[in-house]
Amino acid sequence: MSSIPRPIPTSLFGLPPIGAMMKSAFGAPPKKHKPAAHHAPAQKFAGSWPTPPAEDEVGVDMTKLLAAVKVAPELSTIEWDGDRSRAAAPAAVTIDSTATLATDIAPEEHEALLPSEFDPGALDPRRRKIRDRYIAARFPGIDLQSAARVIKSARLYFEDDQPELAIELLDMAAQEVPHESPIWLARLELLFLMRDADGFVAAARAFKQSHPHHEAWSEVERLGRALIPGEALFGEKSGPRDHDHYGPWPHTPNWIQAPWDLTPEIAAADFHRSALRLAGRAAH
Amino acid sequence: MKTKSSLSLQFQRPEARADFEKARRDLKCAETSFDEQADAFLELSTQLDTGVSRAKRELLSTSLTWNEENQSLMLWIHQQHRGLLETGTKLVQSRQGDTRHLVMPQLVMHCILHWAEAVKWGAWRERDEYQPLHDLYLLAGSGRFLDTPATIMADGRGHTVTVEKLYLRALLLDRFASGSLTRQQVEIVDAWLWHWQGSLKAERAFPGGASLRADLDTNTGLREGAAKSEGPAIYVRLEPLETERRKIVREMHRGHMVPPHGCTADLRIEEHVVVLDYLRRALRPADGDAPQRAPREQQAGLRLEVWIGLSEILARGVGVGTETGRYRALQMNDPAIEQQSRQRFADAARRYLWMSDSSATGFGFEALESDAAGIEVGDLIGWRKGLGGAIILGKIMRRMPSSTSGQVFIGVQLLTENAVPMPLHQVVTFDNGMADGTYMFVPGDDDSGRHDGFVISEKTFELQATYNAHVGQDHFSLKFNRVRSRGRGWILAGFEIVPAKAPDVVMVQDLTLPNFDFTLDPIQLPEAKPDEEIALAWDRELSPRLLA
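Residues numbered from 1 in each chain as written. Chains lettered and ligands numbered in written order. Predicted model: local features only at pLDDT ≥ 70, side-chain atom pairs only at ≥ 80, totals over all residues. Heavy atoms only, no water.

*Asks:* Tell me about the overall build of chain A, and please be specific about residues and values.
*Replies:* A tally of regular secondary structure across chain A gives eleven helices and zero strands. Counting across all 284 residues of chain A, residues that qualify as buried make up 33%. Counted over contacts in chain A with a minimum sequence separation of 6, partners at least 24 positions apart contribute 64%. When the accessible surface of chain A is split by element, carbon and sulfur atoms take 59% of a total near 19000 Å². (Helix = DSSP H or I, 4+ residues; strand = E, 2+ residues; numbered from the N terminus. Buried < 20%, exposed > 50% of the residue type's maximum accessible area, 1.4 Å probe, protein only. Contact = heavy atoms within 4.5 Å. Areas by Shrake-Rupley, 256 points an atom, 1.4 Å probe, with all protein chains shown as cover.)

*Asks:* Before we move on, could you go through the pairing of strand 12 (residues 407-426) of chain B and cite the residues and values that matter?
*Replies:* Residue and element names in this part refer to chain B. Of the pairings in the sheet, the one linking strand 9 (residues 362-368) to strand 12 comprises seven bridges and is antiparallel in character. Within the sheet, the bridge partner assigned to F365 lies in strand 12 and is I410. Note that strand 11 (residues 391-401) and strand 12 share nine bridges and pair antiparallel. Counted as the bridge partner of G394 is L414 from strand 12. The loop that links strand 11 with its antiparallel partner strand 12 comprises five residues; one of these, G406, has a positive phi angle of about 75 degrees. Where strand 12 and strand 13 (residues 437-442) come together, five bridges link them in antiparallel fashion. Bridging from a neighbouring strand, M422 pairs with Y439 of strand 13. Where strand 12 and strand 15 (residues 466-471) come together, three bridges link them in antiparallel fashion. Note that in strand 15 the partner of L424 across the bridge is A469. (Pairing = 2+ DSSP bridges.)

*Asks:* For empty space enclosed by the protein, give the residues involved together with the corresponding values.
*Replies:* Taken as a whole and assessed by the stated rule, the structure comprises two cavities of 30 Å³ or more. Counted as a void, the largest cavity has a volume near 50 Å³. Around the largest cavity, the lining residues are P140, I142, S153, L156 and Y157 of chain A together with F461, N481, R482 and V483 of chain B. Counting only elements with at least two residues in the lining of the largest cavity, the list comes to helix 6 (147-159) of chain A together with strand 16 (474-486) of chain B. For the lining of the largest cavity, a count of residues per class yields six nonpolar, two polar and one charged. (1 Å grid on protein atoms, 1.4 Å probe; cavity = no way out; pocket = protein on both sides within 12 Å on 5 of 7 lines; lining within 4 Å. Points joined across faces, edges and corners; volume = space filled by probe spheres on them. Nonpolar A, V, L, I, M, F, W, Y, C, P; charged D, E, K, R; others polar.)

*Asks:* Account for the packing of helix 3 (residues 68-94) of chain B against helix 4 (residues 104-121) of chain B, with residues named and values stated.
*Replies:* How two helices pack is summed up by the angle between their axes together with the distance between the axes. Residue and element names in this part refer to chain B. Two numbers describe how helix 3 lies on helix 4: the axes approach to 8 Å, and their chain directions differ by 150 degrees. Here helix 3 lies roughly antiparallel to helix 4, going by the angle between them. When the axes of helix 3 and helix 4 are compared, the crossing they make is left-handed. Listed contacts from helix 4 to M74, I77, H78, H81, R82, L84, L85, G88, T89, L91 and V92 of helix 3 are M104, L107, V108, C111, H114, W115, E117, A118 and W121. Residue composition of the contact of helix 3 with helix 4, grouped by class: 13 nonpolar, five polar and two charged. (Axes fitted to C-alpha atoms, helices over the stretch in contact; angles between N-to-C directions. Parallel < 35°, antiparallel > 145°, perpendicular 65-115°, else oblique. Left-handed = near helix turned anticlockwise from the far one by under 90°.)

*Asks:* I'd like a description of the pairing of strand 2 (residues 157-161) of chain B, backed by residues and values.
*Replies:* Residue and element names in this part refer to chain B. Relative to strand 2, strand 1 (residues 150-154) runs antiparallel, the two being bridged by five bridges. Bridge pairing links I152 to H159 in strand 2. Connecting the antiparallel pair strand 1 and strand 2 is a turn made up of two residues, with D155 showing a positive phi of about 60 degrees.

*Asks:* Quick rundown of the sheet that holds strand 4 (residues 211-215) of chain B? Include the residues and the values.
*Replies:* Pairing is antiparallel in the open sheet, where four strands are placed in the order 3-6-4-5 (chain B). The open sheet is flanked by strand 3 (202-203) and strand 5 (222-224) of chain B, the only strands paired with a single partner.

*Asks:* I'd like a rundown of the environment of A269 of chain A, residues and numbers included.
*Replies:* Considering the arrangement of structural elements, one finds A269 of chain A in helix 11 (residues 263-283). What A269 of chain A contacts, discounting residues up to four positions off in sequence, is D447 and S448 of chain B.

*Asks:* Go over unusual backbone geometry with me, naming the residues and quoting the values.
*Replies:* Residues apart from glycine generally show negative phi values, whereas peptide bonds are mostly found in trans. Here the amide bond leading from V258 of chain B into P259 of chain B is cis, since omega sits at -15 degrees, within 30 degrees of zero. Tracing the backbone through its elements, the reader meets P259 of chain B in the loop between helix 8 (239-253) and helix 9 (269-282). At R195 of chain A, a residue that is not glycine, the phi angle is positive and equals roughly 60 degrees. Considering the arrangement of structural elements, one finds R195 of chain A in the loop between helix 8 (181-193) and helix 9 (197-210). A positive phi is found at Q464 of chain B, a non-glycine position, where the angle reads about 55 degrees. Relative to the elements of secondary structure, Q464 of chain B occurs in the loop between helix 13 (458-463) and strand 15.

*Asks:* Quick rundown of helix 3 of chain B? Include the residues and the values.
*Replies:* Taking 1.5 Å of rise per residue, the 27 residues of helix 3 of chain B would be expected to cover 39 Å, and the 39 Å separating its terminal C-alpha atoms lies within 8% of that figure. Count one or two residues on from helix 3 of chain B and you reach Q96 of chain B, which has phi positive near 55 degrees. (Expected span 1.5 Å × (residues − 1).)

*Asks:* Any details on the interface of chain A and chain B? Residues and values, ideally.
*Replies:* Taken together, the contact between chain A and chain B spans 41 residues of the former and 50 residues of the latter. With both sides pooled, the region where chain A packs onto chain B buries about 3800 Å², and carbon together with sulfur makes up 57% of that total. Summed over the three residues of chain A that lose the most area to chain B, namely Y134, F271 and H272 of chain A, the buried surface amounts to 18% of that side. Between the two partners, chain A and chain B, sit seven salt bridges. As a salt-bridge pair, E164 of chain A and R245 of chain B come within 2.8 Å of each other at their nearest N and O atoms. Linking chain A with chain B are 14 residue pairs in polar contact (both at pLDDT 80 or more), by the criterion used here. Breaking the side of chain A that touches chain B down by element, the ones donating at least two residues are helix 5 (125-138), helix 6, helix 7 (163-176) and helix 11 of chain A. The element that contributes the greatest number of residues to the side of chain A that touches chain B is helix 11 of chain A, accounting for 16 residues. Tallied by class, residues from the side of chain A that touches chain B come to 20 nonpolar, five polar and 16 charged. (Buried area = accessible area lost by both parts, 1.4 Å probe. Salt bridge = Lys/Arg side-chain N within 4 Å of Asp/Glu carboxyl O. Polar contact = N/O pair within 3.5 Å; in protein donor to acceptor, adjacent residues only side chain to side chain.)

The following block contains the structure:
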C-alpha cells in the first residue's frame, strides 16, 4: 500500500479549491444522492424543441442534470444502406441445369469463397482494418471492387508465373463482391489452366452454390468434364465430341479477359528495342 | 548470488543487465550441489526470458535502422543465452549420461531453448556448433523423454512442448535466420514456429518430397534430401508447414493476426507479408537434382562505389536532382556547374563495397560495418559497370555480419546489368509537370519486352497514372500494371503500352441538322359564366377577368 499522502485537489492554475475546503471544514451537510433511475430523462425525439418551463423557480439542480447526462440515451439502431446493396445485387440469369450439387463439401477446401460462411462486410472495424492493410500490402494499387481490374491483375500474375497470387486475389475479390460472377468464372478458368482438378471442383461447387442458375454453368460443366472426367458435379460422363475442338485441349471461354488485340504486344517489343538502342548510345 | 526478487528485469537499463550478468557468472562459478545449481539455472533462465520479452517489444517496434544502443542490447541478449547454454550443458554433462534425475528433461529443454535464442539474437555468418544440440537430442532419446510434454516459459508465456519439437524449432530457426530476413521478420518466423508446434514432427526414414534432414553425428544443420551416410539422421517434412503457412494467409483474409498476442502482433503487416513470401519459397520442394543456385565465380575483392535506394541511385548514379548550390545560369554548358555537382558529395558520404564473388543471378559483397550501416535486406542497390558503363541494379537478399572481423557480408540478387534512366511525363498532371521524373528502365531478357519493367517508388505505382516516354524518335504511352519484385520503398513494376492518343474526331462535311421547330397545342379553356361567383381567390387558377 502506498504511503505517499494524496495531494489536495487543485483547480485551475494550481490553486486549491478554497471554497470547497471551507465548506467541508464547517461541516456542510452531504448532498443527497438519489437513485439514478429517478433522474432518467423522458424519451425525446430528435430535433429542436421548445425549452419546457423550469419546474422549480428556485434554481437549477446541477446534481440532477449531471445524473441525467450520465444515463445513456436509448437510441434506435442505425440501418446502413451498405448492407442492403449486397442484397440488391443483380440476380443471375436463370437457366436449367442438369448438374446435381453435392452436399458433402469439405469445409476447409473452399470456405474462404462462400459468402454465406464469410462476409468481410460483417467484420468488426479492427479486423476489417487488418484485412484492408493486408490487401494493400499484398496487392498494391488494385481495387477489389472493380471486377475488370481484378481479373486483369490476376491474369497478369498468372502470366508472370505467380498463379498462387492470382488465385488469392480472385478469392479475396469474390469475398468482397460475391455477386460479381466474372470473378468466379475467371478463377475457374485459371484453375482449369493450372490443371488443378481438386481446386476446380471445389471452386465449381462454390460457384454453383453462389450463382445457382448462371448461364455460364454449361461452360463450367464442359471444362469440368474435360479436366475431371466422371465427376458427378459436371453431369454425365462424356468426352468431347470430334467437332467440338480440333486441338489437343478444349478451347477456353476467355473469362480471364485476355485481349485479342496484339497491338500493345508489338508496341512493347518496339519499346524494348528503342530503349536498348538508347542504352547503347548512352554507354558509348 | 542474487535471488529472483532482487534482480531487476528492466534490461533496457545497463545496471539491470550488469546485475543479471553477475548472477549468471556467480552460477557458473558456484560449487553447490547439482540440485541447487539446476534450480538456480532454471530460475535465471526464466528471468532472462521474462526480461527479454519486455525489452524486445520496444526493440522490434522501430522500423528504423538500429542504433548502437539497440545493437549492444541485442548482443548482450545473445551473450546471455550463450552463457546460460554453456552453464546448462555443463550441468547436463555432469550427470554423465544419467537421465534418471527428475530435473534432467527440464535442463535439456532449456539448453535447446537457449541454443535457439542465441541463434536468433546473433545471426552471425559463423554458424554455431550443431553437435552439442544433436547430443542433447540424442540424450533425450536415450532417456526416453523425447516426446514427453512439459511446460516451458518462452516469450513470457507458458508453452507445452516436447524436446523433439524444441529441437526442430531450433534447427528451423537456424535455417531461416540466415541473413535473409530482418530482425522483425525473424521474430515473426519464430512466433509462427511456436504456433506450429503440432506440425513439427521428426521422422526416422526419408519421407520423400519436400523435407529437410539433420545428420545427428555431424556438426551441420538442416540439409536437403536423403542421408548419404549410415549415421543417425532425422527428417522433417515441409508440407505440413506449408499447410500452416496457408492457414495464416487465410487468417489474414479474416482479419486475424497470428499469433494474436506478443510483440509480433504489433509489427507492420508488410513484414508479415514478406515472411509469407519468404516461407513460400523456403518450404517448396527442391527442383529435383538441379543446383539451387548458379555457379559462383570469385572476384578477388573488386572495390566499387555503390548507391543504396532509388533516390540515391538517381541522384548519384544518374545525376537527377543534383543541387548545384548556384543560381540558374544561362550558360548551361558552364563547367562550374558540373564541378559543383561533383563536389557536392564528398568521399565521406560514399559507400564502397568489395565484390567477393558473382554468378549469373547475383553478387556477393563484403563491407566494413561503417559502409554497411543502413543497408538492410530488401534495399535496392546500384553501381556502375566500369567508368561510364551501364548501371547495374540489384536487390539485397542477405545481410550477415561477422562475429569477429567487423565485416558485413551482403548477398545481392541481380535485377539488371543494363538499367536505363528514362524520363517519363505524366499524361494528366495537376501540378504543371512537377510529378514528372526520371525512372530506371529494367530491360528483360526477352526481346518481346514482356519481361521489361521500371523501378519506381511505391507511391508512383499507386498513382496508376499514364506516362509518355520519348525514346529516341519514338513516342510511347505506358501504364504500370503489375508488381514483378519489390523491396523497401521500391517496386519493379511491369507495364503495358497504351494507345498514345485518343482517336481522331471525324469531321462531317455538309452536316444537316434536323428541324427542331415545335408548336404548342391550343389549350381548351372552360367558358366563362357571366353570373359566376368566386368564393375563394384560389378556387381557380385563372380569374374570369383574365379569361375574358
